[in-house]
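The lines below spell out each chain.
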Amino acid sequence: MVDQPPAWNDIPAVHWQGGELDCQGCVHAPLRAEGRCEPGRMCMQDAYARRIDRFFRAHPELANQHLGHDYFEVRAIAARYADVFRLPALMNDPDETVRLQLALRLPQRQLLSMRDDAHREVRIRVAYGLAAEHLPSMMRDPDYHVRATVARRLSEGLLPLLINDPDLMVRREVAQRVPMPALWRMVEDSESEVRRIVAERLPAPLLDALVDDPDLLVRWQAAGRAMGAVLARFAQDPEADVRERAEQRRAELEATAPPDACAGPSLHSV
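For clarity, every value in this text was computed on a predicted model and none was experimentally measured.

1. Let's talk about the UniProt feature "domain: LRV FeS4 cluster" (unreviewed entry) in the protein chain
- Mapped onto this numbering, the UniProt entry gives "domain: LRV FeS4 cluster" (unreviewed entry) at residues 13-65.
- In this annotation, residues 13-65 is assigned 28% helix and 0% strand; the end-to-end C-alpha distance for the span is 23 Å.

2. Structural notes on the domain arrangement of the protein chain
- Structurally, the protein chain comprises domain 1 (11-106) and domain 2 (202-256).
- For domain 1 and domain 2, the distance between their C-alpha centroids amounts to 60 Å.

3. A closer look at helix H6 (residues 120-129)
- Listing the buried residues of H6 in full gives Val 122, Arg 123, Ile 124, Val 126 and Ala 127.
- Taken together, the buried residues of H6 touch helix H4 (96-105), helix H5 (108-112) and helix H7 (144-153).

4. What about the state of the cysteines?
- The final tally for this structure, using the stated rule, is zero disulfides.
- Unpaired in terms of disulfides, Cys 43 finds its nearest cysteine sulfur in Cys 23, a separation of 6.1 Å.

5. Considerations on helix H8 (residues 168-177)
- In terms of residue burial, H8 counts as a mostly covered element, since seven of its ten residues are buried.
- Among the residues making up H8, those that are buried are Leu 168, Met 169, Val 170, Arg 171, Glu 173, Val 174 and Ala 175.
- Its side-chain oxygen 2.8 Å from the backbone nitrogen of Met 169, Asp 167 forms the N-cap of H8.

6. Thoughts on the nonpolar core
- Counting residues in hydrophobic clusters, the biggest one holds 71 residues, and the most contacted among them are Phe 56, Leu 102, Val 174 and Phe 234.
- When residues of this core are sorted by domain, at least three fall in each of domain 1 (11-106) and domain 2 (202-256).
- Setting aside residues up to four positions removed in sequence, Phe 234 forms contacts with Leu 207, Leu 210, Val 211, Arg 219, Ala 222, Ala 223, Ala 226, Val 242, Arg 243 and Ala 246.

7. Comments concerning the packing of aromatic side chains
- In the structure shown here, the tally under the stated rule is three aromatic pairs.
- Between the aromatic rings of Trp 16 and Tyr 71, the centroid separation amounts to 5.3 Å while the plane-to-plane angle is 10 degrees, which identifies the pairing as stacked. With Trp 16 in the segment before helix H1 (29-33) and Tyr 71 in the loop between helix H2 (49-58) and helix H3 (72-81), the pair connects residues that are 55 residues apart, well separated along the chain.
- Pairing Tyr 71 with Phe 72 gives two aromatic rings, centres 5.4 Å apart and planes at 75 degrees, and the pair type is edge-to-face.
- Given a relative accessible area of 12%, Tyr 71 falls into the buried group.
- What makes Phe 72 partly exposed here is its relative accessible area of 27%.
- Following the ring pairs from residue to residue traces out a cluster consisting of Trp 16, Tyr 71 and Phe 72.
- Positioned above the aromatic ring of Trp 220 is the side chain of Arg 245, whose terminal nitrogen or guanidinium carbon lies 5.3 Å from the ring centre.

8. A look at the packing of H4 against H6
- Viewed as axis vectors pointing N to C, H4 and H6 meet at an angle of 5 degrees, and their least axial separation amounts to 9 Å. One element, H4, and the other, H6, form an angle in the roughly parallel class. The residues of H6 that touch H4, namely those facing Glu 96, Arg 99, Leu 100, Ala 103 and Leu 104, are Glu 121, Val 122, Arg 125 and Val 126.
- Its residues assigned to classes, the contact of H4 with H6 shows five nonpolar, no polar and four charged.

Quick notes on the rules
Residues numbered from 1 in each chain as written. Predicted model: local features only at pLDDT ≥ 70, side-chain atom pairs only at ≥ 80, totals over all residues. Heavy atoms only, no water. UniProt positions renumbered as here; feature names shortened; annotations may be inferred. Helix = DSSP H or I, 4+ residues; strand = E, 2+ residues; numbered from the N terminus. Domains from an automatic or database assignment. Buried < 20%, exposed > 50% of the residue type's maximum accessible area, 1.4 Å probe, protein only. Contact = heavy atoms within 4.5 Å. Disulfide = S-S within 2.5 Å. Polar contact = N/O pair within 3.5 Å; in protein donor to acceptor, adjacent residues only side chain to side chain. Core = buried A, V, L, I, M, F, W, Y, C linked by side-chain atoms within 4.5 Å. Phe/Tyr/Trp six-rings, centres within 6.5 Å; stacked < 30°, edge-to-face > 60°. Lys NZ or Arg CZ within 6 Å of the ring centre and 35° of its normal. Axes fitted to C-alpha atoms, helices over the stretch in contact; angles between N-to-C directions. Parallel < 35°, antiparallel > 145°, perpendicular 65-115°, else oblique. Nonpolar A, V, L, I, M, F, W, Y, C, P; charged D, E, K, R; others polar.

See the structure below:
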């Protein structure tokens, strides 16, 4: 069997400005002489990010020197290894790739200053990294993905503030976490995807609010959790799939009921 070349060797080594690599003119030429860097494998002049990263991983002490490099990939990768106290100088870097790296490493005080970054991906990472007490300040971010990230981490007590968010993705996140009684307010959400989540979490006695839901899957989900008289109502659903799910639920309840438990109302008695 012929050995396959490493993945990094499949991509030609090209200087980040184009053309061939110039080891002689490189500021780190002494490393090459000592065998501590290798064109095509680990080189900070290369256009390929993985080779740049391999260079700084081997020589993290050199990262501080290259935070002002003209190539954004060099600045971004150097920011992974540079001293944290040197990073605030890059908070206004023109490239979002660099600022993304800062959002992963900066302490809270500096991270707060990046909540209004121009690029959504940077703000998403900020929302992932901010301490919980600072998340409310990003609840009105113009990007739905940022707000969804906030909803995923926000304290339960503040989640009701996002119940009427205009975006489906945000409301889905809210429906998965918001406690009662705020969850009850979402039974009439305009999107069936949200109501299906509500059907999975709403206390069983309140599932009657979904008996006439226009979405079959919402009713099917609710029928699988209903009990007593509410379950009997789902047994009369116009859709066979919902009636079948209600029957399965009745059988499950009967199978787990204590022998001396009082029988509930029959599904067929309504």
